[in-house]
Amino acid sequence: MSILSPLPEPSADAVLPKSMADAIRFLSLDAIERAADGHPGAPLGCAEIATALYTRHLKCNPADPLWFDRDRFVMSNGHGSMLVYALLHLSGYAGFPIEELERFRELGAHTHGHPERAAALGIEVTTGPLGQGIANAVGMAVAEAWLNATFGSDIVDHRTYALVGDGCLQEGVAHEVVSLAGHLRLGKLCFLWDDNRMTDDGHTDFAISEDVRARFRIANWQVIDVDGHDVEAVSAALTLARKDPRPTMIACRTTIGKGLPRLEGKRGAHGGRVFAQDLQDARAAAGWTAGAFEIPGDVASAWRRDVAGRNEAAYETWRARVSAMPAGQRDMLERLVRGDLPEDWAGKLAAFGAEMAATRPARSTNEATADIVALLADAIPELIAGAPDLEGPTNCKRALQAFSAEHRAGRYVHYGIREHAMGAMMNGMAAHGGVLPLGATYLVFSDYMRPALRMAALMELPVVTIYSHDSIGIGKNGPTHQPVEYLASLRAMPNMAVFRPADGVEAAECWALALARRNGPSSMICSRQALQPVRSDAGESRSARGAYVLAEANGERQVTLLATGSEVSVALAAREILQAAETPTAVVSMPCWEFFEAQDDAYQKSVLGAGARVAVEAAVRLGWDRWIGAHGDFVGMSSFGASGPGDELYRHFGITPERVVETARRLLAR
């Protein structure tokens, strides 16, 4: 479908759409020139697209950026960040006065090189790594659909828009989410494609010859072609998008760097330097007479009127509808808006931990986690679980119904074999608010998700991912599926909490810590194989400080054995041998390094002890030297795994009580 719209005759005192779009252009050019850095191509090429969206369609309130029923806008091609900052300034968002635009890319400014999540200022998600933003947008659309089914259209009824470039669409994650969004018929999702046929390397035909529009159509999207520099045409396409039950991709044919004579239509417009002479030439070409960082009064007023003024009535009407809700529903909505969990979830976890301590079953922590997710699903109605084609092995669906095109109230997303999509969509769901996303896959597949995990940590999103099949203990699947380096990789990521519980009691404690953590993601690392219980006590969380003395030495401590997860039982068995030989030995369980790092020196020293230290973990050594010290040693993996029964593999690679004892005695003999 293609839209060509005639330009309406303006009234004598009307502000032309061109002037409103040029306000974006010149704020962007002024900021990029002053910073001597930035990406002018997208802000200049997408100015009319953004003008049509913000002044004609986007539901928002600059005076209340966190309005729960606002439309969500994601600039997936985040390198063009000045477009967002110009939009927020022109629309009247208090967080973006002209002084912030003048400080573009300076330390401490909100006008970062790429947009960084600050919903209270008007920025929904952090973007920059291409493809992440559009995947976040799909997750937002899922969250909106579920909330709409839960509360009804009077309370939740908004759209999600993403501005995307060729780079976003070429990334692999785009193929994953475009397919899934079409399958789920997320009709309130709209991509605006900056189809300028140019990338940093040059013309797109260097690297791509597929029919992008056909790709979307075959994935069950509505596709509309427009002139991206025609505000009226873009606006008409946005109107059509509302009338189709499918997601919509509006292909906006544009010229990169539009309005910058030296670089317009050239690859250099993507991230090329803008000079003072360029500003003069651009102003002359456009007839723009306002000075640097100045907007003519009529243009500024038109922007405020067409964004804030246009939405005032809808905002007040929505608030009235919320006030008229039944008390119970309103309380739930207000809780979700705040991001709080229900009051009774922690009690259910504590009861589960107490049951595990009393019954002491030998079972995998994956099974314990599946039980925990089931009880949390009962306690937390906004919990939405999911897995990439691993429902059976992870077992987190159980009684949950599938979220689908026909059943928006479902609370289990079948992501298909799309781990990257799952991670990035969960980020979008968490950033949207109102839902608690949980995902589950194998630990060895976490690398498929790594860009999304990093963005979750950077955005401080409370996303929990369950990783089962955590070591050589999975056995005969062999080294392709036996993670050895993944724990170190996840622990290396700032603001990522990595939990590896040793039994059902620790699993309950770790889940309580992960859910209470509201400023960052958590990775729950679980065994496939059954583990012997190591705890018979429950009550006050011993895992809350990240590491604790599970078994103290009988006598003055000479050896400290440090372990996580399935290897805690190996350490306990080694302790028995050492204690029987009159070598006082303590065992420390370390379910979460990051929580232990946050403890004071006195506590850390009391746990680690002053004697010989041996760490044991069915993973590589990287990172352990911090805890074992210069004179400690490590029992674990130094290579990839192998195919064979799990218990044989532990013996083959020397992760045994006997090897731990031998290592400790060697340290003591030094």
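The structure under discussion appears in the preceding block.
In this report, we go over the structure that sits alongside the text.

About the cut-offs
- Residues numbered from 1 in each chain as written.
- Predicted model: local features only at pLDDT ≥ 70, side-chain atom pairs only at ≥ 80, totals over all residues.
- Heavy atoms only, no water.
- Helix = DSSP H or I, 4+ residues; strand = E, 2+ residues; numbered from the N terminus.
- Rg over C-alpha atoms; globule rule 2.2 N^0.38 Å.
- Buried < 20%, exposed > 50% of the residue type's maximum accessible area, 1.4 Å probe, protein only.
- Areas by Shrake-Rupley, 256 points an atom, 1.4 Å probe, with all protein chains shown as cover.
- Lys, Arg positive; Asp, Glu negative; His and termini not counted.
- Charge placed at Lys NZ, Arg CZ, Asp CG, Glu CD.
- Pairing = 2+ DSSP bridges.
- Axes fitted to C-alpha atoms, helices over the stretch in contact; angles between N-to-C directions.
- Contact = heavy atoms within 4.5 Å.
- Right-handed = clockwise from strand over helix to strand, strands pointing away.
- Core = buried A, V, L, I, M, F, W, Y, C linked by side-chain atoms within 4.5 Å.

A few words now on the overall build of the protein. From N to C terminus, the protein includes 26 helices and 19 strands. For 670 residues, the compact-globule formula gives about 26 Å, and the C-alpha radius of gyration of the protein, at 28 Å, lands near that figure. Going through the 670 residues of the protein one by one, you find that 61% of them count as buried. Per element, the accessible surface of the protein, about 24800 Å² overall, is 50% carbon and sulfur. Taking the average place of the 65 positive charges on the side chains of the protein and the average place of its 81 negative ones, the gap between the two points comes to 2 Å.

To summarise the sheet geometry, strands pair through backbone hydrogen bonds and adopt either a parallel or an antiparallel arrangement. Overall, mixed pairing links the five strands, which are arranged β15-β17-β16-β18-β19 in an open sheet. Whereas interior strands pair on both sides, the edge strands pair on one side only; in this sheet they are β15 (548-551) and β19 (633-636). Taking the axes of each pair of neighbouring strands and ignoring which way they run, one obtains an average angle of 30° across the sheet. As defined by bridge partners, strand β18 (residues 612-617) adjoins β19 across four bridges and the pair is classed as parallel. Looking at the pairing, Ala-615 lines up with Phe-634 of β19. In this fold helix α23 (residues 601-608) packs onto β15, β16 (559-563), β17 (585-589) and β18, with an angle of close to 20° to the strand it touches most, β15.

Below, the discussion takes up the pairing of strand β14 (residues 522-525). Neither face of β14 is exposed, since Ser-522 and Met-524 on one face and Ser-523 and Ile-525 on the opposite face are all buried. Note that strand β12 (residues 464-468) and β14 share four bridges and pair parallel. Bridge pairing in β14 places Tyr-467 opposite Ile-525. In this fold, the crossover linking strand β13 (residues 497-499) to β14 by way of helix α20 (residues 504-516) has right-handed handedness.

This brings us to the nonpolar core. In terms of nonpolar packing, the biggest core is built from 120 residues, with Phe-191, Leu-376 and Trp-511 touching the most fellow members. Per element, the largest residue contribution to this core is twelve residues, and it comes from helix α6 (residues 132-151). In this structure, Leu-376 is in contact with Trp-345, Leu-349, Leu-383, Trp-511 and Leu-515, ignoring residues within four places of it in sequence. Judged by nonpolar contacts, the second largest core, of 68 residues, contains Leu-27, Cys-46, Leu-263 and Trp-288.

A few words now on the pairing of strand β3 (residues 160-164). With five of five residues buried, β3 is to be regarded as a mostly interior element. What you see with β3 is no split at all: Thr-160, Ala-162 and Val-164 on one side and Tyr-161 and Leu-163 on the other are buried throughout. Pairing of β3 with strand β4 (residues 189-195), which is carried by five bridges, proceeds in the parallel orientation. What sits directly across from Tyr-161, in β4, is Cys-190.

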